[in-house]
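# Remarks on the overall topology
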Amino acid sequence: MTTITSSIGRTEAVRPRRTEARDASAFASLFTRFTEDVFGRIDVAYLLEKSTFALTLCNEKNEAIAHAIFLDYPNWNITDQSNWESFLNKNYPLNTLFMHLFVAKEEYAAGCSQEIIRRAFIAIPELQFILLFIPADENLGPGLDGVFEKMMTAPGSAVDKTFTLLVCPRHQHHPQLHIRKARLEDFDDLMPIWTRQNEILKETHSEYFLADIIACQDEENQAVVCEDGGTVVGFMSLCSQVDISLLRESFDLRLFHGLCKPHPEDVLEVPKESSIPEVDVCSVSQRVMRFSNCDSNVKDKPKRLDQLIHENQQIITMELYDVIHTDFHASPSFLEAEEKDTFHPIYRGASNAFCIRLFCIDEKYETRSLDFLHYVFKLFPDKDFCIILVPHCVPEFYLIQSFVRVAPSCTSQFGHELYVFHRNCAYDAVALQDGTPVQAFVAEVLDQIVGISVVRDEMDIVYIQTHYNIEDFIHFNYYQQEEHGELYHFVLNPIFRHYTKHFLKEILRLAHKSSLFYPVYPQYAKGKFQNPFAHSLTSALHYMVPVRPRRQIVYPLEELGINAPSEQVSKDQPRYSLNHINRKLIMESKVSVNSRIVVVGASDVGISFLETLVFCPHLKFSNLTLISTHGLPGKDLPGSKHRRFLIHSHCFNDEDYAQMSLCSWVNVVVGKMTGINRSAKYVVVSKERKVPYDYLVLCTGQNYQVLSPTEADISTFATNKEVTSKRPQRYTGKIPSNHFTLNDDQDCLKAMEWLKENFINSEGNIIVYGNTIDIYTTVETFLSLGIDGSRIHLVQPPLSSNVTCLNNNEIESAVQEALSEAGVSVYYDSILAQWSKGDDPDLITRAAFTTNRKPFQLQCSAFFSFAYKRVDYETFKAVNDACLVFDGKLVIDTEFRTNDVSIRAAGPLTKYSRRYYADEWTHSNFNSKQIGFELAASMLSLFDPTLQPFSKPPEDTDSLIPMYKGCKIQGGVLPRGYNYLHISKPEVPIRLDLVLALSDHGTEIVTGKARDGNYFRMHINKYSMVDSITCFSKEPLPASNYICLYGQHERLLNDLSYRWDEGQITDLYSYFREPWSMAIYHDRFIDLQKELRQILLSEQVREIAPADAPERPPTRLSPQVPPERQTEDSPVPPPLAAPAVRYLLRHGAQLPMYARGRPAGERGAGR
């Protein structure tokens, strides 16, 4: 904190922070009579929303005592924001801001203005001037008069007659540092800095280590210092000899010409005669321009990189405080680890880089770290690149935030991150020019074009507002339609990538935009943009924030009629991932996390974990890697028929995958985990590749395994009694080609392709073996493919428990009836005894089964097994060989930790340690998406410096397992085309008839019959809450709507129990299609519930509705009755009705079926 002194001599300790929207109301109390005279009439909330940079000073009590708002164009609307440089006859596109407002407590105004200006220069290192226009007949109020000075106008200028231009230059508040070569006499000044920041170096080197470096300087090894007022405050050691070949083995240096000088014999493309195929590596950093370098002298004897790493590893462990991150570097977005076939260019030129070996600087001067670079490039005039190596777990500090992070190969075991800086980036002369009327812009450096961008108006803003959580970042009320733009193309030379945010800022200013959107459409065919809306993948992506999609209401359009939402809201169009940037986000600090986080398994848990990390707006994870057998899900076209094979968890669907676009943020290694080396921290993939990690997350789940036949001798008429004592065993032989276990979409796709090619148009039988719900969805898929039911044999082994997969007698009867009608043969309590092979040893031709009476055999052309679901054997072996505790499943604690602090695990793969005495509860009992979210939340404290530390739970609760509340969901299509959906609370499975017999079971509301295809069951528990829903219908189900009903109080559902008891409800399907229910399906409804709950807990409502008042049923907001009449004439107190009406007004685009009015007591309020 900084101490300032008031005009009467009192002192106050203040600290700076970014101004937030909630601070707008506090500005008014600090306005003085000079404020409007100097700055004009100001709408503070509007100005904050459009500000480039805003700063607040708070005292020790966290009270705001000063605010300032800066924009990148003049105040007072003197000239068009895109033409102010020519207006001033100066060109400061990157290093000038204009003060649009300053307010402070009057007695502290002078000190606050000095501190805010100083902090602005510290927070924005490239900022050189702060300008302020004031009316010519006005004077600055107290405080600012000591900060700004008058700028002289050009002769003959008319500006001076109306306005005065004031300037505040950097050098008066936070000047650039003086850089020079280090001398031995600097040792005394450097040692205090060195000692504070480098405890490791003190332990491994003598106290004169720094003096030795300074004394041993030569042409190849240099040392420089920075000083302020004659005092040395920083040090940098450099070396011109680097082993470039070792770097090229681990990093993709193609964008930097391999860090070598161009040479005539360089091989940059795949030779035509080469047999190596080109691999399309979809990398954000690879879709930008290449650049050329100048020839220079050649040096010999490169320094060994391991020595360089050793030195860097120690110096970079220094602690740096008050770091404000201002850059965000692109990283590879999608890598498939097929490195054997990847072409590697050959560079024959000399090394073109020098390295920073050691670096330290006083934390008060960190933001001036770049001042070194202007000088050090002069020391190595023949080198164009400066590089630095940083350990993965070290946060990005100020110096490297202006460097470009080089994308490593995802299987690289190199222990450091590589950052590169080009000599041309040491100059701030980057200018933008407006191109054509279609809003094309180019960036120039030294009269060379280094970047280009194309922007067009965003015409679909209503769709964006209703389909994405964009209001997390902007307030739409302050934006005009024309202020929204779509970033259509953006390309910037990679050596200037750290100027991306400035390029974007200038695009916003020159294009008269306040926000930009960038959509990323899914690619359903690798390497091809099949979608006509697809944009070029931009290097600006990592400077933008990904926007979460919103859950959509499934509207019954026919029932709503003219009250249906507009086509802009309800239209069906290709889904895409949305990224966003606006003026106030340009200068927002982001924390770059380089820790290597490796996720094994593309299960619902793993995808949810990655989604949570990716959508943290203030964090950027550079090294997220997914190891999966078939890569990321969602690569197939929406609605593909093969997806019907397996039951659906409704955690993610095709639209979700498209709107997440994980391939833009996550490296993907296609393969199976076959080993874990805990000491060296790497995962072995497919027994050959090594993927290093800092944190390993195991989410493989459980898979259907190939079950080994019991080998019972059917010739002796063996029965199940002889074989049930044997535990099921995994088949270890060669798996027949017509044997299928389906675990994901790719397995299903391969099975469907095989059936179309080898089975549908031939003769033979399909055997489906198992007793999970997947057997029914698979049989239905066979029938939908046109396979005759008589060719399908459904064989069910004995149940392992008394709970069936459907756990509903009426639905089971309807399914069995449908199977019988289709001609499907069903066999119960049958155990696979043998399979025999004919002339082709790779095919199963017959299968034999034992029963409780006598065995039987079936001809077999295809065998689908769903009988043995366990942890995959390769996963088990990798976990077991790594000495992780495995007790039937991988053992974890309540924080997802295994017995290795670097390895977390979640999902059906895991079980809780026996010390919790909760063996019946595992992650399988809970919602997988919620488990993934909680896993990510438990790990964010390791990476997010903004999180407040959690208080430790009471000691008596550390032995309790967490009980997650999200609902479990199963959905799919069963035989006869019945659409099935079951939503239930997390629980240990119990037979439904036993549950119904409980005295405190609650209420069962059932309409329709399963065999008629209109069955709807809803269970209301003893607390009047919905805790189970089962649908069985011939019509498609709006699953996302019904999921919203789970956990709601029945009175909220239009007095459901009362209407059921009165016989008013005969069909729950039509009941929940009525217009009144649409508000409950809205994704913001939970916010309304929270607001109403807070009001109910307040004293205000207690006074309005005394406890002895008779209980009356709540009045719902009717689509036919104006809300203002309901709030005034109904028994609902106005404090409760007003938020509901505001909710309907705010979301009128999605809820047009409700009458609109204003809450009681709010005169003149309207839409």
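Preceding block: the structure.
Residues numbered from 1 in each chain as written. Predicted model: local features only at pLDDT ≥ 70, side-chain atom pairs only at ≥ 80, totals over all residues. Heavy atoms only, no water.

Our focus in this paragraph is the packing of aromatic side chains. Enumeration over the complete set of coordinates arrives at 46 aromatic pairs. Ring centres of Phe 1016 and Tyr 1042 lie 5.4 Å apart, and the angle between their planes is 80 degrees; this geometry places the pair in the edge-to-face category. Remark: Tyr 1042 occurs in helix H26 (residues 1039-1045) and Phe 1016 occurs in strand E48 (residues 1014-1020); sequence separation between them is 26 residues. Neither residue differs from the other here; Phe 1016 and Tyr 1042 are each classed as buried. An aromatic cluster of at least three residues, connected via ring pairs, comprises Tyr 731, Tyr 769, Tyr 827, Trp 835, Phe 849, Phe 856 and Phe 863. When the ring centre of Tyr 873 is taken as origin, the NZ or CZ atom of Arg 730, which lies over that ring, is 3.8 Å away. The ring centre of Phe 759 lies 4.1 Å from the NZ or CZ of Arg 791, which sits over that ring. (Phe/Tyr/Trp six-rings, centres within 6.5 Å; stacked < 30°, edge-to-face > 60°. Helix = DSSP H or I, 4+ residues; strand = E, 2+ residues; numbered from the N terminus. Buried < 20%, exposed > 50% of the residue type's maximum accessible area, 1.4 Å probe, protein only. Lys NZ or Arg CZ within 6 Å of the ring centre and 35° of its normal.)

Turning to the environment of Val 599, a few remarks are in order. Secondary-structure assignment places Val 599 in strand E24 (residues 597-600). Expressed as a C-alpha distance, the spacing of Val 599 and Thr 625, which sit 26 residues apart in the sequence, is 6.1 Å. In contact with Val 599, not counting residues within four places along its chain, are Gly 606, Phe 609, Leu 610, Thr 625, Leu 626, Ile 627, Val 697 and Cys 699. (Contact = heavy atoms within 4.5 Å.)

So, about the state of the cysteines. Counted according to the given criterion, the structure contains zero disulfides. Cys 226 takes part in no disulfide bond, and the closest cysteine sulfur, belonging to Cys 360, lies 8.5 Å away. (Disulfide = S-S within 2.5 Å.)

To continue, consider the pattern of salt bridges. This structure, assessed with the given rule, holds 50 salt bridges. A salt bridge links Arg 22 to Glu 20; the nearest nitrogen and oxygen atoms lie 2.5 Å apart. Exposure remark for Arg 22: the relative accessible area of 61% places this residue in the exposed category. For Glu 20, a relative accessible area of 34% gives the class partly exposed. (Salt bridge = Lys/Arg side-chain N within 4 Å of Asp/Glu carboxyl O.)

Let us look at the side chain of His 484. Examined against the element boundaries, His 484 turns out to sit in strand E19 (residues 484-492). The class for His 484 is buried, based on a relative accessible area of 2%.

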